[in-house]
Amino acid sequence: HWVNIKGVGTKVTGLADDTTLGPFQIGFQFPYYWYRVESIFLGSNGYISFSDHGRYQQPFSSIPNPKGPNDVLAPLLSDLDPSAAGSPNGSVWYWSNNSDSFIVEYDSIAFWSTGGNNTFQVILTKEDSSILFQYQQQSGTPSNGWAGESVQVAIEDQGGSIGRNGQGAV
């Protein structure tokens, strides 16, 4: 049930290797763990954070982890580079209906130094507090391979002590 927001939502400019931008407003209060969030920071390495503008970069620590950044949703935490030569058509978008739905889309993003094509989304739905990670395409190999913490699918609270990690689960 892919929701294409490319060309409809807001295109994020300025994301490069190992960068974070924001905050960007969600448009409503989203219930997350025991608190509510209203904005996100976008990380070029395939994650968003609700409160932390710190950067995740290689080597990645395992999530959850009290070391920042925290308050993270990571549909594809890996060494990605939206500005790489391998991502000539790569872009990141966000969209909100300003009521109960918010989507972030990473479109055609390459792995740093190895290329590939990764298109995935995070969808937040206020009505049932759901978080959905969707994957449309994944090709290529991370610069450090698929082992260890070089690829993570994870979620984490604001303190970095509560979360879930499905390393290499893409």
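Look a little higher up for the structure.
About the cut-offs
- Residues numbered from 1 in each chain as written.
- Predicted model: local features only at pLDDT ≥ 70, side-chain atom pairs only at ≥ 80, totals over all residues.
- Heavy atoms only, no water.
- Patch = residues over 30% accessible without salt bridge, like charges linked within 9 Å, V, L, I, M, F, W, Y side chains within 5 Å.
- Areas by Shrake-Rupley, 256 points an atom, 1.4 Å probe, with all protein chains shown as cover.
- Salt bridge = Lys/Arg side-chain N within 4 Å of Asp/Glu carboxyl O.
- Helix = DSSP H or I, 4+ residues; strand = E, 2+ residues; numbered from the N terminus.
- Buried < 20%, exposed > 50% of the residue type's maximum accessible area, 1.4 Å probe, protein only.
- Pairing = 2+ DSSP bridges.
- Axes fitted to C-alpha atoms, helices over the stretch in contact; angles between N-to-C directions.
- Phe/Tyr/Trp six-rings, centres within 6.5 Å; stacked < 30°, edge-to-face > 60°.

Undergrad: Any details on a nonpolar patch on the surface? Residues and values, ideally.
TA: On the surface, a cluster of nonpolar side chains totalling about 320 Å² of accessible area is made up of Y33, W34 and I162. Note that W34 resides in the loop between β2 (20-32) and β3 (35-43). Using a relative accessible area of 54% as the deciding quantity, one classes W34 as exposed.

Undergrad: An account of the pattern of salt bridges is needed here, citing residue identities and associated values.
TA: One pass over the full model with this rule turns up one salt bridge. D107 is the partner of K6 in a salt bridge, and the nearest nitrogen-oxygen pair spans 3.0 Å. Of this pair, K6 sits in the segment before β1 (10-12) while D107 sits in strand β8 (residues 101-111), placing them 101 residues apart in sequence.

Undergrad: I'd like a description of the sheet that holds strand β11 (residues 152-156), backed by residues and values.
TA: Here we have six strands laid out as an open sheet, ordered β2-β3-β4-β5-β11-β12, and antiparallel in their pairing. With one partner strand each, in any of the chains shown, β2 and β12 (163-165) form the two edges of the open sheet. Mean inter-strand twist for the sheet, computed between neighbouring axes without regard to direction, equals 15°. Here β11 runs beside β12; their pairing, made up of three bridges, is antiparallel. Pairing of A154 across the sheet is with N165, part of β12.

Undergrad: Go over the pairing of β11 with me, naming the residues and quoting the values.
TA: Most of β11 sits inside the fold, with four of its five residues counted as buried. The pairing of strand β5 (residues 72-77) with β11 spans three bridges and is antiparallel. By the bridge assignment, L73 is partnered in β11 with I155. Linking two consecutive strands that pair antiparallel, namely β11 and β12, is a turn of six residues; a positive phi of about 75° is found at G160 within it.

Undergrad: Report on the pairing of strand β10 (residues 130-139), specifying residues and quantitative values.
TA: Of the pairings in the sheet, the one linking strand β9 (residues 115-125) to β10 comprises nine bridges and is antiparallel in character. Counted as the bridge partner of Q121 is Q134 from β10. Hairpin connection, β9 to β10: the antiparallel pair is bridged by four residues, and S129 has positive phi, about 55°.

Undergrad: Please provide a residue-by-residue account of the packing of aromatic side chains, values included.
TA: Considering all chains together, one arrives at ten aromatic pairs under this definition. Between F120 and Y135 the ring centres are 6.4 Å apart and the planes differ by 35°, which places this aromatic pair in the tilted class. Of this pair, F120 sits in strand β9 while Y135 sits in strand β10; the two residues are 15 residues apart in sequence, bridging distant segments of the chain. Exposure remark for F120: the relative accessible area of 1% places this residue in the buried category. Among the residues examined, Y135 registers a relative accessible area of 34% and is labelled partly exposed. Among the aromatic side chains, those forming a connected cluster through ring pairs are F30, Y32, Y33, W34, Y35 and F50.

Undergrad: Quick rundown of unusual backbone geometry? Include the residues and the values.
TA: Residue P64 is bonded to the preceding I63 through a cis peptide linkage, with omega at 0°. On the secondary structure map, P64 appears in the loop between β4 (47-49) and β5. Put simply, G68 and P69 share a cis peptide bond, and its omega is 0°. Mapped onto the fold, P69 is located in the loop between β4 and β5. Unusually for a residue other than glycine, Y33 sits at a positive phi of about 50°.

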